[in-house]
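# Architecture at a glance
These are the residues of each chain, in order.
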There are 2 protein chains.
Amino acid sequence: MRIGAIEAGGTKFICGIGDESGRIEDQISFPTRHPDLTMPQVIDYFQDKGAEAIGIGSFGPIDIRLDSPTYGYVTTTPKPGWANYDLLGTLKQVFSVPFGWDTDVNAAVYGEVKWGAAQGLSNCLYITVGTGIGVGVYAEGRLVHGLVHPEGGHVLTRRHPEDDFSGVCPYHGDCLEGMAAGPAIEARWGKKGHELPAEHKAWEMEAFYIAQSITQAILLLSPHKIILGGGVMQQPQLYPLIREAVRQNLNGYVSSSTIQNHMDEYITAPGLGQQAGLCGALALGLTAMSNQISTI
Amino acid sequence: MRIGAIEAGGTKFICGIGDESGRIEDQISFPTRHPDLTMPQVIDYFQDKGAEAIGIGSFGPIDIRLDSPTYGYVTTTPKPGWANYDLLGTLKQVFSVPFGWDTDVNAAVYGEVKWGAAQGLSNCLYITVGTGIGVGVYAEGRLVHGLVHPEGGHVLTRRHPEDDFSGVCPYHGDCLEGMAAGPAIEARWGKKGHELPAEHKAWEMEAFYIAQSITQAILLLSPHKIILGGGVMQQPQLYPLIREAVRQNLNGYVSSSTIQNHMDEYITAPGLGQQAGLCGALALGLTAMSNQISTI
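Residues numbered from 1 in each chain as written. Chains lettered and ligands numbered in written order. Predicted model: local features only at pLDDT ≥ 70, side-chain atom pairs only at ≥ 80, totals over all residues. Heavy atoms only, no water.

### As for the sheet that holds strand 9 (residues 225-229) of chain B
All names here are of chain B.
- Spatial strand order, 8-7-6-9-10: five strands in an open sheet with mixed pairing. In the strand order of this sheet, the two ends are held by strand 8 (142-143) and strand 10 (267-268), each with one partner.
- In the sheet, strand 9 pairs with strand 10 via two bridges, with the strands oriented parallel. The residue bridging isoleucine 227 from the neighbouring strand is threonine 268, located in strand 10.
- Across the sheet, helix 3 (residues 104-115) is in contact with strand 6 (124-129), strand 7 (133-139), strand 8 and strand 9; its angle to strand 7 comes to roughly 50 degrees. (Pairing = 2+ DSSP bridges. Helix = DSSP H or I, 4+ residues; strand = E, 2+ residues; numbered from the N terminus. Contact = heavy atoms within 4.5 Å. Axes fitted to C-alpha atoms, helices over the stretch in contact; angles between N-to-C directions.)

Structure representation (structure tokens):
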């Protein structure tokens, strides 16, 4: 099988072609500009690839309600040209194959469940911490969509006692994204995260906020595993800080040996590394093809 | 069909018998004492009822992992006699019928989805605010269990600016349950909730905390509806206060007309009223019977 995969990010697009084992045979990446410039590049890439299905994990918010007239659209983004843009429809006009369509973070969690660190688990969370913060939710064997789709990057936070930073989220100020995404780190400390040393106070504070959202997610969703990806999570010192803060937050309440004795495996990096999103898009494409076959 | 239903609460047990339409034909209630006293009452009730299946929604934490040696047990409760008690097994020894087994709040959300305010919806949350706070989660057409089961009553809270109460949760102090369950209201104001007038400051504060947990749940789970039950929610003035606080918390971020224009229907009381838990247990029994038939 040849399956196309698109990781449509707010900063860059990655397109690839792979097979049913999750192996990516070829991939290309280019910056996300206006759709009139970016989408022809996507179409051009797949023109000669012979994809039998294509999966897309997209930045958002996006419309994933199957019965909606704007299904397949990017909806309210401030990114020029992409608000109310029919991303899926534009590709469907060119390629007559089954399409999978979901958020970038749902794609990533799906990739991890299929071929990564959460293989075989029925409940898993993927949190990406980068320019923004997003949460993909897989519960009882299904990707969670619901009313719109989860927007867990914006959960409210308790303030760190030594933090007087007001937050940068235009909607909520000091929600998780406003306090802990890359731009918040830069605004608070005057330097980008990768310019700060590993022992800088910034990381304990960063862990404090990320651990809070993980705590809330454990209490509301009881996942089997929590996977942390994204640019900010390239700082390996964050993992032990986050695990310790989650342990303190829960304070022994959730009676599970996984949480109490195997926190190192419970909160982890993506098994697929930087490829979680693209492999997840591949998995979405694969599922779209299976669904079509099963309904013929 | 005749289906048995047990709402096993920490304060009282309710047993009933009903049919596949959700109609409860007969029910009985008694206080929850030591299991040696309470369980014989349960068994006695069902002795002559001819139940073809029995569903149980239980207080917890409970073990609902099918592959666990302690499946069917109440696990870590401080309630005398109930810690590590094989509630389900005790009944299975007497009644040779299919059993449904889940948390009290998962039963309630299931009842509401089947016959109540969330009929036909694939994603719904049930929050009960009473002696404790519990959250039942129904996502993409399935009850969410995961690693243990959701324990959303213990999500962390931001403190109300005028609240210096330290909270009563023995694990977390000022988590949601520690700040907003019945005992917290009584400890903070020196009176039980039902003794406080509707215009008392207590209710705005109560709404502040409940709305926070709803906000977190909307962002992490994107439910189609949120149903609020339990003793504290018998105060009707809470609903508009909670809706307004949720609206302020989200600040227009979640782009959904359901949330932006129909908040009165989005955050509601149980359609089944006080019967949500018992009807939900009935629904669990019904599903257990269907599953058995489908696997024969």
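This is not the end of the story, as more comes after the structure.
### A look at the pattern of salt bridges
- Scanning the model with the defined rule gives 24 salt bridges over all chains in all.
- Among the ionic pairs, glutamate 186 of chain A bridges to lysine 192 of chain A, the shortest N-O distance being 3.2 Å.
- On the basis of relative accessible area, lysine 192 of chain A is assigned to the partly exposed category, the value being 38%.
- A salt bridge links aspartate 264 of chain A to arginine 243 of chain A, with the nearest nitrogen and oxygen atoms 3.8 Å apart. With aspartate 264 of chain A in helix 9 (residues 263-266) and arginine 243 of chain A in helix 7 (residues 238-250), this pair connects stretches of sequence that are 21 residues apart.
- Each of Arg158 of chain A together with Arg159 and Asp174 of chain B takes part in one network of salt bridges that share partners. (Salt bridge = Lys/Arg side-chain N within 4 Å of Asp/Glu carboxyl O. Buried < 20%, exposed > 50% of the residue type's maximum accessible area, 1.4 Å probe, protein only.)

### Quick look at the interface of chain A and chain B
- With 47 residues of chain A at the contact, the number on the chain B side is 47 residues.
- For the chain A and chain B pair, buried surface summed over both sides reaches about 4300 Å², with 61% attributable to carbon and sulfur atoms.
- On the chain A side of the interface with chain B, the three residues burying the most area are Leu147, Leu220 and Tyr253 of chain A, jointly 20% of the side's total.
- At the boundary of chain A and chain B, one finds two salt bridges.
- A salt bridge links arginine 158 of chain B to aspartate 174 of chain A; the shortest N-O distance between them is 3.0 Å.
- Across the contact surface, chain A and chain B share 34 residue pairs in polar contact (both at pLDDT 80 or more).
- The set of elements that each furnish at least two residues to the side of chain A that touches chain B consists of strand 7 (133-139), strand 8 (142-143), helix 6 (201-221), helix 7 and helix 8 (257-261) of chain A. (Buried area = accessible area lost by both parts, 1.4 Å probe. Polar contact = N/O pair within 3.5 Å; in protein donor to acceptor, adjacent residues only side chain to side chain.)

### What to know about the nonpolar core
- In this structure, Ile214, Leu228 and Ile242 of chain A together with Ile214, Leu228 and Ile242 of chain B are the most contacted members of the largest nonpolar core, which totals 96 residues.
- If we ignore the near neighbours within four places in the chain, the residues touching isoleucine 214 of chain A are Ile127, Ile226, Leu228, Ile242, Val246 and Ile267 of chain A. (Core = buried A, V, L, I, M, F, W, Y, C linked by side-chain atoms within 4.5 Å.)

### Topic: empty space enclosed by the protein
- Scanning the model with the defined rule gives three cavities of 30 Å³ or more in all.
- Lining of the largest cavity is provided by Tyr253, Val254 and Ser255 of chain A together with Pro61, Val148 and Glu151 of chain B.
- The residue inventory of the lining of the largest cavity, partitioned by class, reads four nonpolar, one polar and one charged. (1 Å grid on protein atoms, 1.4 Å probe; cavity = no way out; pocket = protein on both sides within 12 Å on 5 of 7 lines; lining within 4 Å. Points joined across faces, edges and corners; volume = space filled by probe spheres on them. Nonpolar A, V, L, I, M, F, W, Y, C, P; charged D, E, K, R; others polar.)

### Focus: the domain arrangement of chain A
Residues and elements named next belong to chain A.
- The assigned domain composition of chain A is domain 1 (3-104 + 274-295) and domain 2 (117-269).
- Computed over C-alpha atoms, the centres of domain 1 and domain 2 are 26 Å apart.
- Counting residues at the interface gives ten residues for domain 1, matched by nine residues for domain 2.
- A buried area of about 670 Å², summed over both sides, lies between domain 1 and domain 2, and 54% of it is on carbon and sulfur atoms.
- Summed over the shared surface of domain 1 and domain 2, the number is zero salt bridges.
- Counting the contacts that link domain 1 with domain 2 gives two residue pairs in polar contact (both at pLDDT 80 or more).
- Of all the elements in the fold, those that place two or more residues in the side of domain 1 that touches domain 2 are strand 5 (99-103) and helix 10 (276-295).
- By residue class, the composition of the side of domain 1 that touches domain 2 is five nonpolar, three polar and two charged. (Domains from an automatic or database assignment.)

### Some thoughts on the sheet that holds strand 2 (residues 12-18) of chain A
All names here are of chain A.
- Pairing is mixed across the open sheet formed by five strands, whose spatial order is 3-2-1-4-5. Every other strand in the sheet has two partners, leaving strand 3 (24-31) and strand 5 as the edge strands with one partner each. If you compare each strand with its neighbour and ignore which way they point, the axes differ by 15 degrees on average.
- Bridge count between strand 1 (residues 3-8) and strand 2: six bridges; the pairing is antiparallel. Paired with isoleucine 6 across the two strands is cysteine 15, which belongs to strand 2.

### Quick look at the pairing of strand 9 (residues 225-229) of chain A
Residue and element names in this part refer to chain A.
- Burial analysis of strand 9 places five of its five residues in the buried class, which makes it a mostly covered element.
- A two-sided burial pattern is seen for strand 9, the buried positions comprising Lys225, Ile227 and Gly229 on one face and Ile226 and Leu228 on the other.
- Across five bridges, strand 6 (residues 124-129) lies against strand 9 in parallel orientation. Looking at the pairing, threonine 128 lines up with glycine 229 of strand 9.

### Section: the relation of the copies chain A and chain B
- Once turned by 180 degrees and shifted 0.0 Å along the axis, chain A lies on chain B with an RMSD of 0.0 Å. The symmetry that links the two subunits is that of a two-fold axis. Scanning chain A for the C-alpha nearest the rotation axis identifies arginine 158 of chain A, at a separation of 2.6 Å. (Least-squares fit on C-alpha atoms with pLDDT ≥ 70 in both.)

### Quick look at the side chain of threonine 75 of chain B
All names here are of chain B.
- With respect to the secondary-structure elements, threonine 75 resides in the loop between strand 4 (53-58) and helix 2 (87-92).
- The class for threonine 75 is buried, based on a relative accessible area of 16%.
- When sequence neighbours within four positions are dropped, the list of residues in contact with threonine 75 reads Pro61, Ile62, Asp63, Ala83 and Asn84.

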